[in-house]
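What follows is each chain in one-letter form.
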Amino acid sequence: MKLSVAVAGKQAPPSAFVVWRGFEESISKAADLGYHGIELALKTAEDVDPHQLSSWLSKHNMEVSCISTGQVFATLGLYFTHPDASMRRKVIDLFDGLTALAADFGRMVNVGRTRGFIGEGQSRQEAEQLFIETSRQICDSAGERGVTIIIEPVNRYEINFVNNLDQGADLLAKVGRDNLGLMPDVFHMNIEDAHIGASLAKHAALVKYIHFADSNRWAPGWGHLDFDDVFAGLRAAHFDGWSSIEILPEPDPDSAARKAAETILPMIETYNSNR
Ligand code: LER
Ligand code: MN
(Lines give C-alpha, C1' and ligand atoms only; values in the text may rest on other atoms or scores of the structure.)
(Ligands and ions follow the chains in the order given, each with its own letter.)
Protein backbone atom coordinates (compact mmCIF):
# COMPACT_ATOMS: atom_id res chain seq x y z
CA MET A 1 0.00 0.00 0.00
CA LYS A 2 1.16 3.55 -0.74
CA LEU A 3 0.16 6.95 0.66
CA SER A 4 -0.66 10.19 -1.13
CA VAL A 5 -2.16 13.53 -0.12
CA ALA A 6 -4.90 15.54 -1.82
CA VAL A 7 -3.72 18.75 -3.52
CA ALA A 8 -5.08 21.27 -6.03
CA GLY A 9 -3.77 24.09 -8.20
CA LYS A 10 -3.13 27.57 -6.82
CA GLN A 11 -6.28 28.92 -8.54
CA ALA A 12 -8.58 26.23 -7.13
CA PRO A 13 -11.71 27.67 -5.45
CA PRO A 14 -12.32 27.30 -1.68
CA SER A 15 -14.70 24.40 -2.44
CA ALA A 16 -11.73 22.25 -3.54
CA PHE A 17 -11.30 19.93 -0.58
CA VAL A 18 -7.52 19.52 -0.35
CA VAL A 19 -4.65 19.87 2.09
CA TRP A 20 -2.35 22.02 -0.06
CA ARG A 21 -2.70 24.28 -3.12
CA GLY A 22 -0.03 24.80 -5.76
CA PHE A 23 1.23 21.64 -7.46
CA GLU A 24 4.99 22.23 -7.44
CA GLU A 25 5.17 23.29 -3.79
CA SER A 26 2.77 20.52 -2.71
CA ILE A 27 4.81 17.81 -4.42
CA SER A 28 7.98 19.03 -2.75
CA LYS A 29 6.40 19.29 0.72
CA ALA A 30 4.68 15.91 0.41
CA ALA A 31 7.94 14.22 -0.61
CA ASP A 32 9.72 15.79 2.38
CA LEU A 33 7.12 14.25 4.74
CA GLY A 34 7.52 10.78 3.23
CA TYR A 35 4.38 10.61 1.08
CA HIS A 36 4.69 8.47 -2.04
CA GLY A 37 2.43 10.58 -4.22
CA ILE A 38 -0.23 13.24 -4.62
CA GLU A 39 -3.92 13.02 -5.45
CA LEU A 40 -4.66 15.70 -8.03
CA ALA A 41 -7.97 17.53 -7.52
CA LEU A 42 -8.85 19.01 -10.90
CA LYS A 43 -11.75 20.83 -12.52
CA THR A 44 -10.60 20.08 -16.07
CA ALA A 45 -7.54 18.45 -17.64
CA GLU A 46 -6.31 21.95 -18.57
CA ASP A 47 -5.77 22.82 -14.90
CA VAL A 48 -2.28 21.32 -15.08
CA ASP A 49 0.51 21.25 -17.67
CA PRO A 50 1.45 17.55 -18.06
CA HIS A 51 5.09 18.33 -18.97
CA GLN A 52 5.61 20.49 -15.91
CA LEU A 53 3.82 17.94 -13.75
CA SER A 54 6.11 15.15 -15.01
CA SER A 55 9.22 17.15 -14.24
CA TRP A 56 8.05 18.12 -10.72
CA LEU A 57 7.16 14.49 -9.99
CA SER A 58 10.42 13.03 -11.24
CA LYS A 59 12.48 15.64 -9.39
CA HIS A 60 10.99 14.40 -6.10
CA ASN A 61 10.51 10.74 -7.08
CA MET A 62 6.75 11.08 -6.59
CA GLU A 63 3.68 9.70 -8.38
CA VAL A 64 0.10 10.76 -8.98
CA SER A 65 -2.20 8.34 -7.13
CA CYS A 66 -5.39 9.45 -8.88
CA ILE A 67 -7.25 12.43 -10.32
CA SER A 68 -10.24 13.56 -8.24
CA THR A 69 -13.18 15.52 -9.59
CA GLY A 70 -15.07 17.22 -6.75
CA GLN A 71 -14.68 20.60 -8.48
CA VAL A 72 -16.45 19.31 -11.61
CA PHE A 73 -19.55 19.18 -9.42
CA ALA A 74 -18.87 22.04 -7.00
CA THR A 75 -17.57 24.61 -9.51
CA LEU A 76 -18.97 23.61 -12.90
CA GLY A 77 -22.28 22.09 -11.74
CA LEU A 78 -21.77 18.99 -13.91
CA TYR A 79 -22.81 15.51 -12.78
CA PHE A 80 -23.75 12.09 -14.13
CA THR A 81 -27.46 12.12 -13.15
CA HIS A 82 -28.19 15.57 -14.64
CA PRO A 83 -31.69 15.48 -16.18
CA ASP A 84 -30.49 17.62 -19.14
CA ALA A 85 -28.79 15.48 -21.81
CA SER A 86 -26.60 18.39 -22.98
CA MET A 87 -25.17 18.71 -19.45
CA ARG A 88 -24.50 14.96 -19.34
CA ARG A 89 -22.72 15.32 -22.69
CA LYS A 90 -20.55 18.05 -21.12
CA VAL A 91 -19.57 15.82 -18.21
CA ILE A 92 -18.74 12.96 -20.61
CA ASP A 93 -16.55 15.29 -22.73
CA LEU A 94 -14.85 16.69 -19.65
CA PHE A 95 -14.12 13.18 -18.33
CA ASP A 96 -12.67 12.33 -21.72
CA GLY A 97 -9.97 14.95 -21.05
CA LEU A 98 -9.44 13.76 -17.48
CA THR A 99 -9.11 10.07 -18.40
CA ALA A 100 -6.66 10.98 -21.20
CA LEU A 101 -4.53 12.78 -18.58
CA ALA A 102 -4.95 9.91 -16.10
CA ALA A 103 -3.58 7.48 -18.71
CA ASP A 104 -0.17 9.04 -17.91
CA PHE A 105 -0.87 10.00 -14.30
CA GLY A 106 -2.32 7.46 -11.88
CA ARG A 107 -4.69 5.55 -14.20
CA MET A 108 -7.58 6.25 -11.85
CA VAL A 109 -10.25 8.94 -11.85
CA ASN A 110 -12.43 9.42 -8.79
CA VAL A 111 -16.14 10.21 -8.93
CA GLY A 112 -17.44 11.61 -5.65
CA ARG A 113 -20.30 14.10 -5.75
CA THR A 114 -19.88 14.28 -9.56
CA ARG A 115 -21.97 11.10 -9.73
CA GLY A 116 -24.96 13.36 -9.04
CA PHE A 117 -28.00 13.01 -6.85
CA ILE A 118 -31.71 12.25 -6.90
CA GLY A 119 -33.07 15.63 -8.00
CA GLU A 120 -36.43 17.17 -7.16
CA GLY A 121 -39.11 15.43 -9.15
CA GLN A 122 -36.68 12.65 -10.09
CA SER A 123 -37.21 9.08 -8.86
CA ARG A 124 -34.35 6.92 -7.57
CA GLN A 125 -34.83 4.68 -10.63
CA GLU A 126 -34.51 7.65 -13.00
CA ALA A 127 -31.34 8.91 -11.29
CA GLU A 128 -29.92 5.38 -11.30
CA GLN A 129 -30.65 4.93 -15.01
CA LEU A 130 -28.95 8.23 -15.89
CA PHE A 131 -25.97 7.27 -13.73
CA ILE A 132 -25.72 3.87 -15.42
CA GLU A 133 -25.85 5.33 -18.96
CA THR A 134 -23.36 8.13 -18.26
CA SER A 135 -20.91 5.92 -16.40
CA ARG A 136 -20.97 3.23 -19.10
CA GLN A 137 -19.92 5.81 -21.71
CA ILE A 138 -17.20 7.21 -19.46
CA CYS A 139 -15.94 3.75 -18.44
CA ASP A 140 -15.79 2.57 -22.05
CA SER A 141 -13.56 5.41 -23.22
CA ALA A 142 -11.51 5.25 -19.99
CA GLY A 143 -11.09 1.48 -20.47
CA GLU A 144 -9.47 2.00 -23.89
CA ARG A 145 -6.83 4.03 -22.06
CA GLY A 146 -6.34 1.53 -19.24
CA VAL A 147 -8.00 3.89 -16.76
CA THR A 148 -10.31 2.82 -13.90
CA ILE A 149 -13.17 4.99 -12.64
CA ILE A 150 -13.69 4.82 -8.87
CA ILE A 151 -17.00 5.74 -7.26
CA GLU A 152 -16.82 7.19 -3.76
CA PRO A 153 -19.76 6.61 -1.40
CA VAL A 154 -20.40 9.97 0.34
CA ASN A 155 -22.39 10.52 3.53
CA ARG A 156 -26.09 11.51 3.56
CA TYR A 157 -25.41 15.07 4.74
CA GLU A 158 -23.60 15.83 1.47
CA ILE A 159 -25.62 13.81 -1.06
CA ASN A 160 -28.70 11.57 -1.32
CA PHE A 161 -27.32 8.96 -3.72
CA VAL A 162 -24.75 6.20 -2.95
CA ASN A 163 -23.95 6.73 0.72
CA ASN A 164 -22.35 3.42 1.71
CA LEU A 165 -20.32 0.58 0.23
CA ASP A 166 -23.30 -1.81 -0.09
CA GLN A 167 -25.18 0.74 -2.20
CA GLY A 168 -22.07 1.43 -4.26
CA ALA A 169 -21.54 -2.28 -4.92
CA ASP A 170 -25.19 -2.74 -6.00
CA LEU A 171 -24.92 0.13 -8.45
CA LEU A 172 -21.59 -1.07 -9.87
CA ALA A 173 -23.18 -4.47 -10.56
CA LYS A 174 -25.92 -2.71 -12.56
CA VAL A 175 -23.36 -0.72 -14.60
CA GLY A 176 -21.44 -3.92 -15.34
CA ARG A 177 -18.03 -2.55 -16.29
CA ASP A 178 -14.75 -4.13 -15.13
CA ASN A 179 -12.95 -0.78 -14.94
CA LEU A 180 -15.43 0.62 -12.43
CA GLY A 181 -14.54 0.24 -8.76
CA LEU A 182 -15.14 1.72 -5.31
CA MET A 183 -13.19 4.39 -3.47
CA PRO A 184 -14.20 4.15 0.18
CA ASP A 185 -13.54 7.18 2.38
CA VAL A 186 -13.33 6.20 6.05
CA PHE A 187 -14.81 9.56 7.12
CA HIS A 188 -18.00 8.77 5.18
CA MET A 189 -17.90 5.09 6.21
CA ASN A 190 -17.76 6.13 9.87
CA ILE A 191 -21.16 7.77 9.35
CA GLU A 192 -22.80 5.32 6.93
CA ASP A 193 -21.35 1.79 7.15
CA ALA A 194 -22.24 -0.29 10.20
CA HIS A 195 -18.69 -1.67 10.47
CA ILE A 196 -15.75 -0.12 8.66
CA GLY A 197 -13.28 -3.02 8.61
CA ALA A 198 -15.96 -5.63 7.88
CA SER A 199 -17.42 -3.57 5.04
CA LEU A 200 -13.98 -3.12 3.44
CA ALA A 201 -13.41 -6.88 3.67
CA LYS A 202 -16.88 -7.68 2.28
CA HIS A 203 -16.31 -5.51 -0.82
CA ALA A 204 -12.67 -6.53 -1.28
CA ALA A 205 -12.98 -7.17 -5.02
CA LEU A 206 -14.29 -3.65 -5.67
CA VAL A 207 -12.08 -1.59 -3.35
CA LYS A 208 -9.46 0.09 -5.56
CA TYR A 209 -8.37 3.07 -3.46
CA ILE A 210 -9.11 4.56 -0.04
CA HIS A 211 -9.40 8.04 1.52
CA PHE A 212 -8.13 8.43 5.08
CA ALA A 213 -9.30 11.07 7.57
CA ASP A 214 -10.14 10.86 11.24
CA SER A 215 -13.70 10.92 12.70
CA ASN A 216 -13.70 14.75 12.79
CA ARG A 217 -12.04 14.98 9.36
CA TRP A 218 -8.84 16.22 10.94
CA ALA A 219 -5.58 14.32 10.41
CA PRO A 220 -5.60 10.64 11.43
CA GLY A 221 -4.56 10.56 15.08
CA TRP A 222 -6.50 13.71 15.99
CA GLY A 223 -9.92 12.03 16.23
CA HIS A 224 -11.35 8.75 17.52
CA LEU A 225 -11.56 6.56 14.42
CA ASP A 226 -10.20 3.04 14.91
CA PHE A 227 -7.47 2.81 12.26
CA ASP A 228 -6.47 -0.67 13.49
CA ASP A 229 -9.93 -1.84 12.37
CA VAL A 230 -9.50 -0.01 9.01
CA PHE A 231 -6.13 -1.71 8.40
CA ALA A 232 -7.50 -5.10 9.51
CA GLY A 233 -10.30 -4.70 6.93
CA LEU A 234 -7.80 -3.77 4.23
CA ARG A 235 -5.66 -6.75 5.17
CA ALA A 236 -8.66 -9.08 4.94
CA ALA A 237 -9.39 -7.52 1.53
CA HIS A 238 -5.75 -8.15 0.44
CA PHE A 239 -5.67 -4.48 -0.52
CA ASP A 240 -2.44 -3.33 -2.17
CA GLY A 241 -3.35 -0.02 -3.77
CA TRP A 242 -3.17 3.68 -2.98
CA SER A 243 -4.48 5.34 0.13
CA SER A 244 -4.77 9.10 0.29
CA ILE A 245 -5.02 11.73 2.99
CA GLU A 246 -8.10 13.88 2.42
CA ILE A 247 -8.59 16.02 5.52
CA LEU A 248 -9.41 19.52 6.69
CA PRO A 249 -6.23 21.63 6.54
CA GLU A 250 -6.52 22.30 10.28
CA PRO A 251 -5.04 23.81 12.40
CA ASP A 252 -2.95 24.63 9.31
CA PRO A 253 -2.10 22.64 6.15
CA ASP A 254 1.52 21.81 7.05
CA SER A 255 0.72 20.55 10.58
CA ALA A 256 -2.24 18.53 9.27
CA ALA A 257 -0.17 16.86 6.53
CA ARG A 258 2.65 16.14 8.99
CA LYS A 259 0.36 14.58 11.62
CA ALA A 260 -1.37 12.43 8.98
CA ALA A 261 1.98 11.16 7.68
CA GLU A 262 3.28 10.49 11.19
CA THR A 263 0.17 8.45 12.03
CA ILE A 264 -0.37 6.53 8.80
CA LEU A 265 3.10 5.92 7.30
CA PRO A 266 4.26 3.62 10.16
CA MET A 267 0.97 1.69 9.89
CA ILE A 268 1.53 1.25 6.16
CA GLU A 269 5.12 0.12 6.77
CA THR A 270 3.92 -2.57 9.20
CA TYR A 271 1.08 -3.51 6.84
CA ASN A 272 3.42 -3.89 3.86
CA SER A 273 6.02 -5.88 5.78
CA ASN A 274 3.43 -8.41 6.99
CA ARG A 275 1.73 -9.05 3.67
C1 LER B 1 -14.51 13.79 -1.72
O2 LER B 1 -13.48 12.86 -1.78
C3 LER B 1 -15.23 13.72 -0.44
O4 LER B 1 -14.93 12.91 0.40
C5 LER B 1 -16.35 14.64 -0.23
O6 LER B 1 -16.77 14.60 1.11
C7 LER B 1 -16.03 16.07 -0.57
O8 LER B 1 -17.19 16.80 -0.41
MN1 MN C 1 -13.22 11.55 0.10
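Asks: Is there a simple way to think about helix H1 (residues 23–32) in this case?
Replies: Three or four residues apart is the spacing at which side chains of an α-helix point the same way, because the helix has 3.6 residues per turn. Where H1 is concerned, the buried positions are Phe23, Ser26, Ile27 and Ala30. All buried residues of H1 lie within an arc of 100 degrees about the axis, which places them on one face of the element. Where H1 is buried, its residues touch strand S1 (2–8), strand S2 (20–21), strand S3 (37–41) and helix H2 (50–59).

Asks: What is the right way to read the coordination of the manganese ion (ligand 2) from this model?
Replies: At 2.0 to 2.3 Å from the manganese ion (ligand 2) lie its protein donor atoms, namely Glu152 (OE), Asp185 (OD), His211 (ND1) and Glu246 (OE). For the manganese ion (ligand 2), the six donor atoms are set out with angles of 71 to 173 degrees between them, so the coordination reads as octahedral. Asp185 sits in the buried class, given a relative accessible area of 0%. On the basis of relative accessible area, Glu246 is assigned to the buried category, the value being 10%.

Asks: Any chance you could explain the nonpolar core here in plain terms?
Replies: Within soluble globular proteins, side chains that are nonpolar generally end up buried alongside one another. Grouped together as the largest cluster of nonpolar side chains are 80 residues, with contacts concentrated most on Tyr35, Ile38, Phe212 and Val230. By residue number, the principal contributor to this core is helix H10 (residues 253–273), which donates nine residues. Leaving out residues up to four positions away in the same chain, Val230 has contacts with Val186, Ile196, Leu200, Ile210, Phe212 and Leu225.

Asks: Help me understand the site of ligand 1 in this model?
Replies: Taken together, Arg113, Glu152, Glu158, Asp185, His188, His211, Arg217 and Glu246 make up all the residues around ligand 1. A distance of 3.2 Å is found between an oxygen atom of ligand 1 and a side-chain nitrogen or oxygen belonging to Arg113. Interatomic distance of 2.7 Å between a side-chain N/O atom of Glu152 and an oxygen atom of ligand 1. If ligand 1 stood free it would expose 260 Å²; the protein chains cover 88% of that surface. Mapping ligand 1 onto the cavity grids shows that it belongs to the largest pocket.

Cut-off values and rules
Residues numbered from 1 in each chain as written. Chains lettered and ligands numbered in written order. Predicted model: local features only at pLDDT ≥ 70, side-chain atom pairs only at ≥ 80, totals over all residues. Heavy atoms only, no water. Buried < 20%, exposed > 50% of the residue type's maximum accessible area, 1.4 Å probe, protein only. Helix = DSSP H or I, 4+ residues; strand = E, 2+ residues; numbered from the N terminus. Arc of directions from axis to C-beta. Contact = heavy atoms within 4.5 Å. Donors = N, O, S within 2.8 Å, 3.2 Å for Na, K, Ca; no water. Tetrahedral: all angles 85-135°; square planar, octahedral: opposite > 155°, others 65-115°. Core = buried A, V, L, I, M, F, W, Y, C linked by side-chain atoms within 4.5 Å. Near = heavy atom within 4 Å. Polar contact = N/O pair within 3.5 Å; in protein donor to acceptor, adjacent residues only side chain to side chain. Areas by Shrake-Rupley, 256 points an atom, 1.4 Å probe, with all protein chains shown as cover. 1 Å grid on protein atoms, 1.4 Å probe; cavity = no way out; pocket = protein on both sides within 12 Å on 5 of 7 lines; lining within 4 Å. Sits in = over half its atoms within 2 Å of the grid points.

Remember, this is a structural readout, not a statement about activity or role.
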